[in-house]
Amino acid sequence: MFRVGFYHAPLLFSVLMPELEVVNIVGSGQIATEFDLVTLSEAIGDKTRYDPEMYPGMYLYVEGEDGATTTVYRTGKFIVVGATSLDELHRVKEAAVALLSETVERDLGIDWFQVQNFVCSGDIGRELNLEALTIALSMERTEYEPEQFAGLLYKPENADCTVMLFGTGKVIVAGAASQ
């Protein structure tokens, strides 16, 4: 098992941090209109799923159910999840807005759109002693309650993200709005 001493904490991410792979990018935006989601879902057909009793948003699958998904709300707000690149995120956003424009038979403009969250994963390649890391990385910046969650949550000082470290060496970084 890999052990980190108190003085080695700053080296953890510079030496051991794995190559991270982007596994999900989330973006959200606003279209300058309101929608009747029942009518919209019926008009678009099999590229949607809408059940207002289960969830207030309509799921729109412009690249099939295995691709990134756009959730459209009555207010015109929309969220794109599941993209693995910025190109894919923007392609799905544009395709969703184009399909909505075609369906309502008018050009819909986007008031704003922004990336909300990158989720990345990697593997350090060795086991980690999470109890020792909790102390080494500063108890003020970490949370480790193995009875509640199997990983250590670490909030780096100069980054708006959370790093989840697991005893197996797996790493997940979430919450960053940029790469």
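Keep in mind it's a predicted model, so treat the numbers as computed, not measured. Sequence order as written defines the numbering, with residues in each chain counted from 1. Restriction of local features to residues with pLDDT of at least 70 applies here, the model being predicted, together with a cutoff of 80 or more for giving and counting side-chain atom pairs; totals for whole chains, interfaces and linings are based on all residues. The side-chain numbers reported here are obtained from all heavy atoms of the structure, hydrogens and water having been left aside.

A.B. asks: For this particular structure, what's the right way to read the overall build of the protein?
C.D. replies: Starting at the N terminus, helices and strands are each numbered in turn, a helix being any DSSP run of H or I of at least four residues and a strand any DSSP run of E of at least two. Looking only at helices and strands, the protein has four helices and ten strands in total. Each residue gets one of three labels from its accessible area relative to the maximum for its type: buried under 20%, exposed over 50%, partly exposed in between, using a 1.4 Å probe on protein chains only. When burial is assessed residue by residue, the protein has 42% of its 179 residues classed as buried. Once local pairs closer than 6 in sequence are excluded, the contacts in the protein between residues at least 24 apart make up 60%. In this description, accessible areas are obtained by the Shrake-Rupley approach with a 1.4 Å probe, and a residue is regarded as covered only by the protein chains that are shown. Of the roughly 10,400 Å² that the protein leaves accessible, carbon and sulfur atoms contribute 50%. The contact rule is simple, with two residues in contact once any of their heavy atoms fall within 4.5 Å.

A.B. asks: Can you walk me through the confidence of the model for the protein in this structure?
C.D. replies: Detailed reading of the predicted model is not advised wherever pLDDT is low. pLDDT measures the predictor's confidence residue by residue and takes values from 0 up to 100. Averaged over the protein, the pLDDT score is 89; the fraction of residues at 70 or greater is 90%. Low pLDDT (under 50) marks residues 1–12, which in the prediction has 25 contacts with non-local residues, meaning those over four places away or in another chain.

A.B. asks: When you look at the side chain of Thr69 in this model, what are you seeing that I'm missing?
C.D. replies: Mapped onto the secondary structure, Thr69 falls in strand E4 (residues 69–72). Setting aside its immediate chain neighbours within four residues, Thr69 contacts Tyr59, Leu60, Tyr61, Ile79, Val80 and Val81.

A.B. asks: Is there a simple way to think about the nonpolar core in this case?
C.D. replies: The nonpolar side chains of soluble globular proteins are, as a tendency, buried together. Among the nonpolar cores identified, the biggest contains 38 residues, and Phe35, Leu60, Val72, Leu100 and Leu165 are the most heavily contacted of them. For this core, the leading source of residues is helix H3 (residues 86–104), giving six residues. Excluding residues that lie within four positions of it along the chain, Val72 makes contacts with Phe35, Leu37, Gly57, Met58, Leu60, Lys77, Phe78 and Leu100. By convention a nonpolar core is built from buried Ala, Val, Leu, Ile, Met, Phe, Trp, Tyr and Cys residues, the set being connected through side-chain atoms within 4.5 Å.

A.B. asks: Teacher, can you tell me more about the pattern of salt bridges here?
C.D. replies: Side-chain pairs of opposite charge can arise whenever the charged atoms involved come near each other. Here a salt bridge means any side-chain nitrogen of Lys or Arg lying within 4 Å of a carboxyl oxygen belonging to Asp or Glu. In the structure shown here, the tally under the stated rule is four salt bridges. Glu34 is the salt-bridge partner of Arg74, the closest N and O atoms lying 3.1 Å from each other. Taken together, the residues span a long stretch of sequence, with Arg74 in the loop between E4 and strand E5 (77–83) and Glu34 in the loop between strand E1 (21–31) and helix H2 (37–44) at a distance of 40 residues. Arg74 gets classed as partly exposed once you look at its relative accessible area, which sits at 45%. Between Lys93 and Glu94 there is a salt bridge, with the nearest N and O atoms lying 3.2 Å from each other. You can call Lys93 buried: its relative accessible area is 9%. Judged by its relative accessible area of 44%, Glu94 falls in the partly exposed class.

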